[in-house]
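# A look at the structure
Letter by letter, the chains look like this.
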Amino acid sequence: MLMDVNQLQEGFVLQQDVFSLTSKPIARKGTVIEEKHIEIFRAFLVQKVNVEPFSKAVSAKKKSEQEVADEKEEKITADSFTEIYNETVKNFQKTFLSWQSGVPLDIFYIRKLLFPLLAKALEEEHYAMDLYKKCKVNEYIYHHSISVSLLSALIAKKLGFVSGEINQIALAGLLSDCGMSKIPPAILNKKEVLNEWENKEVKQHPIYSYQLIKDIPSLKKGTKICVLQHHERMDGTGYPLGIKGDNFHPFAKIVSFADHYIAMVSPRPFRAGYSPFYVMEELEKYGFGKFDLSVVNVFKKIFVKYMIGRKVKLSDGTIGKIGFINEKTASRPLIQVIDSDEIISLEKQNDLSIKQVF
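Presented here is a report on the structure given in the accompanying data block. (Residues numbered from 1 in each chain as written. Predicted model: local features only at pLDDT ≥ 70, side-chain atom pairs only at ≥ 80, totals over all residues. Heavy atoms only, no water.)

### Focus: the overall build of the protein
Inclusion rule: The helix and strand labels rest on DSSP assignments: H or I over at least four residues marks a helix, E over at least two residues marks a strand, and numbering proceeds from the N terminus. Between the two quantities, the radius of gyration covers C-alpha atoms and the globule rule is 2.2 Å times the number of residues to the power 0.38. The cut-offs for exposure are 20% and 50% of the maximum accessible area for each residue type, with area from a 1.4 Å probe on protein chains only; residues under the lower value are buried, those over the upper are exposed, and the others partly exposed. Every residue pair with non-hydrogen atoms within 4.5 Å of one another is taken to be in contact. The accessible surface values rely on the Shrake-Rupley method and a 1.4 Å probe; as for residues, cover is taken only from the protein chains in view.
Broken down by element type, the protein carries 13 helices and eight strands. Taken over C-alpha atoms, the radius of gyration comes to 23 Å for the protein, in line with the 21 Å a tight globule of 358 residues would show. Taken along its principal axes, the extent of the C-alpha atoms in the protein is 70 × 40 × 35 Å. Expressed as a percentage of the 358 residues in the protein, the buried residues total 47%. Put simply, 64% of the contacts in the protein that link residues at least 6 apart link residues at least 24 apart. Working note: accessible area of the protein is about 18,000 Å², and carbon and sulfur atoms make up 52% of it.

Next up, the structure:
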């Protein structure tokens, strides 16, 4: 039976897959309709769908039993990840402080510290994308290093790198800022914007990081080069060497992008974190030529998958859910206003922007 979306009720069952602007269905045949599906259909501007009536009570019972089980499993998994993450941050902080005291870098301990968390993050992509929310300003350097490591590994996985290479890229992401341990703490913890001398000193940290790891035999040559190059840019505007694309190691193309994104969305001692959509918009406007295009495109796919359905707050205070994102203009999605039939297209309303993702 073909039915108008506005007449749908919870408990009806889809008789056909529902498509919109995507190549994959936004809902599959056999789906038991819930309120969230109706919201998605409206957000994707779907007007009619094929459904058959179904016993709402029976459907609700089956749904509640399955949802309780799913929610329990999701909560256990989330709690497990959070526990491992918090423990990893705490132990990485101790390790970083030991480097400040002159203790040599123990790569075997670093691997033991990172890899359980890495395995969890690669199982569920949203973990790596949500980490900026866990960042504490007074512990920024530790959260940043771990977040860069996990996001770099996720991008590398999507680009088709093999397991051993993904591990090396994750290690490069984690260790790229180990040289910060050689920067005076007064500069690292400064709450104001750095002056010219302080900024120059901080820009030496890729060299310090490289010096700390260059003689470790279990790290691949590419991993060491990546650590040195993680602030370089494809157009030669990066530091410390100002190299261009042809000299960029494939690992560094990934880590340099992940480092930039995480630094922008995370709160810093001298500023609040930016909205992921603001960062995406900045990349769309000014990132061309600075970052490897294949890395950016893969990240956009991860970003779109992560953001669809998320609740957001707009610059005018409106609360809504993201219904559709065009990868070409990922920073300007379609928004379904909460408790309303209104759809806001940010592509058409340049005066509005997404200020917060819940």
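The structure having been displayed, the exposition proceeds.
### Points about the packing of aromatic side chains
To keep it simple, the criterion reads: The criterion for an aromatic pair is that two Phe, Tyr or Trp rings (for Trp, the six-membered ring) have centres within 6.5 Å, with stacked assigned to planes under 30 degrees apart, edge-to-face to planes over 60 apart and tilted to the rest.
In total, this model carries twelve aromatic pairs according to the counting rule given. Seen in terms of ring centroids, F161 and F251 are 6.1 Å apart; in terms of plane orientation they differ by 65 degrees. Their pairing is edge-to-face. A residue pair is termed long-range when its members are at least 10 positions apart, and F161 in the loop between α5 (140–158) and α6 (163–175) and F251 in helix α11 (residues 250–265) qualify at 90 residues. When its relative accessible area of 7% is taken as the criterion, F251 is described as buried. The interplanar angle of 90 degrees and the centroid separation of 5.4 Å between the aromatic rings of F257 and F291 together place this pair among those described as edge-to-face. Highlighted residues: F257 in helix α11 and F291 in the loop between α12 (276–286) and α13 (293–307), separated in sequence by 34 residues. Per residue, the accessibility class of F257 equals that of F291, and both read buried. Cluster of aromatic residues (ring-pair linked, three or more members): F257, Y261, F277, F291, F299 and F303.

### Structural notes on α6
Definition in use: Any helix carries an expected span of 1.5 Å times its number of residues minus one.
With 13 residues, α6 ought to run about 18 Å at 1.5 Å a step, and its terminal C-alpha atoms sit 18 Å apart, in line with that. Among the residues of α6, I166, Q168, I169, A170, L171, A172, G173, L174 and L175 are the ones counted as buried.

### As for the packing of helix α9 (residues 205–213) against helix α10 (residues 221–229)
Worth spelling out the cut-off: The convention used is that axes are lines fitted to C-alpha atoms, helices contributing only their stretch in contact, and that angles between N-to-C directions extend from 0 to 180 degrees. These descriptions rest on fixed angle ranges, namely under 35 degrees for roughly parallel, over 145 for roughly antiparallel, 65 to 115 for roughly perpendicular, and the rest for oblique.
Taken N-terminus to C-terminus, the directions of α9 and α10 make an angle of 160 degrees; their axes are 7 Å apart at the nearest point. Compared by their axis directions, α9 and α10 come out roughly antiparallel. The residues of α10 that touch α9, namely those facing P206, I207, S209, Y210 and I213, are K224, V227 and L228.

### Observations concerning the sheet that holds strand β7 (residues 343–345)
Stated formally: Only strands that DSSP links by at least two bridges are regarded as paired with each other.
An order of β7-β6-β5-β4-β8 is seen for the five strands of this open sheet, with the pairing classed as antiparallel. Lying at the two open borders of the sheet, with one neighbouring strand each, are β7 and β8 (354–357). Averaged over all pairs of adjacent strands, the angle between their axes in this sheet comes to 40 degrees, without regard to strand direction. Examined bridge by bridge, strand β4 (residues 311–314) and strand β5 (residues 319–324) share three bridges and lie antiparallel to one another. Considered in β5, the bridge of K311 is made with K321.

### Quick notes on unusual backbone geometry
For the peptide bond that leads from Y239 to P240, omega is 10 degrees, which places it in the cis range. The residue P240 is located in the loop between α10 and α11 in this model. Here the phi dihedral of D339 falls at roughly 55 degrees; this positive angle occurs in a residue that is not glycine. Following the sequence through the fold, D339 ends up in the loop between β6 (334–337) and β7. On the basis of relative accessibility, which here comes to 81%, the residue D339 falls in the exposed class.

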